[in-house]
Amino acid sequence: RNFAGHQHSFTDVAFSPDGRRIASADAAGHVRLWDVPSAACVDWLCFPSLPVTSLSFNASGEFLATAHLGETGVNLWVDRTLVEHVS
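Just so you know, these numbers come straight off a predicted model, no measurement behind them. (Residues numbered from 1 in each chain as written. Predicted model: local features only at pLDDT ≥ 70, side-chain atom pairs only at ≥ 80, totals over all residues. Heavy atoms only, no water.)

J.: Looking at this model, I keep getting lost on the packing of aromatic side chains. Mind explaining?
T.: Both the distance between ring centres and the angle between the ring planes are used here to describe each pair of aromatic rings. Evaluated as defined, the whole model comprises one aromatic pair. Note on Phe47 and Trp77: the rings are 5.5 Å apart at their centroids and 50° apart in plane angle, and the pair reads as tilted. Of the two residues, Phe47 sits in the loop between strand E4 (40-46) and strand E5 (52-57) while Trp77 sits in strand E7 (residues 75-78), which places them 30 residues apart along the sequence. Using a relative accessible area of 13% as the deciding quantity, one classes Phe47 as buried. (Phe/Tyr/Trp six-rings, centres within 6.5 Å; stacked < 30°, edge-to-face > 60°. Helix = DSSP H or I, 4+ residues; strand = E, 2+ residues; numbered from the N terminus. Buried < 20%, exposed > 50% of the residue type's maximum accessible area, 1.4 Å probe, protein only.)

J.: When you look at the sheet that holds strand E3 (residues 30-35) in this model, what are you seeing that I'm missing?
T.: Each strand in a sheet pairs with its neighbour through backbone hydrogen bonds, running either in the same direction (parallel) or in the opposite one (antiparallel). Read from one edge to the other, the open sheet built from four strands follows the order E1-E2-E3-E4, with strand pairing classed as antiparallel. A strand with exactly one partner marks an edge of an open sheet, and here the two such strands are strand E1 (10-15) and E4. Sheet twist, expressed as the average angle between the axes of neighbouring strands with direction ignored, equals 15°. Two elements, E1 and strand E2 (residues 21-26), share five bridges in a ladder whose sense is antiparallel. Bridged to Asp12 within E2 is Ala25. (Pairing = 2+ DSSP bridges. Axes fitted to C-alpha atoms, helices over the stretch in contact; angles between N-to-C directions.)

Written as structure tokens, this is what we have:
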């Protein structure tokens, strides 16, 4: 599969526990969430002043944790496809 979209080098990549999603982060602070079977980008986050240094899904795959350059702590993001329709 070809997961096209990032314009900068990757800082981290994480697979969801079920293997259906990939989260990827790049040096410009972009995070993309990919559907593996279709190779489609299903969600996108941007942190231009806080590049993501690490990504991780929780055990159920419901949350994505991000750590950012120069920041202390971890941010948790819910997979919005679980709570609303994404078109």
